[in-house]
Amino acid sequence: MSEPLKALKEGRPWEFSATAAPKCPHCGIDFDIDRNEAWFLYDENHTHDVECPSCERGFQVSSTARWIFSTDEQDEESGR
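Sequence order as written defines residue numbering, which begins from 1 separately in each chain. Given that the model is predicted, a residue must reach a pLDDT of at least 70 before its local features are reported, and side-chain atom pairs must reach 80 or more before they are shown or counted; all residues, however, enter totals for whole chains, interfaces and linings. Side-chain metrics rest on all non-hydrogen atoms present in the structure, leaving aside hydrogens and water.

Student: So, the layout of surface pockets: which residues are in play, and what are the values?
Tutor: Volume-wise, the largest pocket comes out at about 530 Å³. We place a 1 Å grid over just the protein atoms. Points where a 1.4 Å probe fits but has no way out form a cavity, open points with protein on both sides within 12 Å along at least 5 of 7 lines form a pocket, and any residue with an atom within 4 Å of a point lines it. The wall of the largest pocket is formed by 23 residues, among which Thr 19, Pro 22, Val 61, Ser 62 and Ser 63 lie closest to the centre. Here the lining of the largest pocket gets five residues from one element, more than from any other, and that element is strand β2 (residues 58–63). In this classification, Asp, Glu, Lys and Arg are treated as charged, Ala, Val, Leu, Ile, Met, Phe, Trp, Tyr, Cys and Pro as nonpolar, and every other residue, Gly included, as polar. Among the residues forming the lining of the largest pocket, the class breakdown is 13 nonpolar, seven polar and three charged. Grid points are joined across faces, edges and corners, and a volume is the space filled by probe spheres set on the points. Strands here are runs of E lasting at least two residues and helices are runs of H or I lasting at least four, both read from the DSSP assignment and numbered beginning at the N terminus.

Given below as structure tokens:
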């Protein structure tokens, strides 16, 4: 088993922050949310514990939701 947090310590910190998929800080692989059925990671603004399927080490994933709103398409009837 590799050294704990090896990929994070040896890598570039920005590769582990604000990514489309969580990256294991131990071995550096992307954690596939679909393949691992980890839908709970989509809970907004929480920290979650997961286990890497490659190195089998646990790590925390922080998830943050950002909501974007649009009002550019309107039904003519709604503007009464």
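Student: Give a detailed account of the pairing of β2, specifying residues and quantitative values.
Tutor: Each residue gets one of three labels from its accessible area relative to the maximum for its type: buried under 20%, exposed over 50%, partly exposed in between, using a 1.4 Å probe on protein chains only. Side chains of β2 alternate between two faces, with Phe 59, Val 61 and Ser 63 buried and Gly 58, Gln 60 and Ser 62 left unburied. When DSSP locates at least two bridges between a pair of strands, those strands are taken to pair. Sheet topology places strand β1 (residues 46–51) next to β2; six bridges connect them, and they run antiparallel. The residue bridging His 46 from the neighbouring strand is Ser 63, located in β2. Where β1 hands over to β2, the hairpin turn is made up of six residues, of which Glu 56 adopts a positive phi near 60°.

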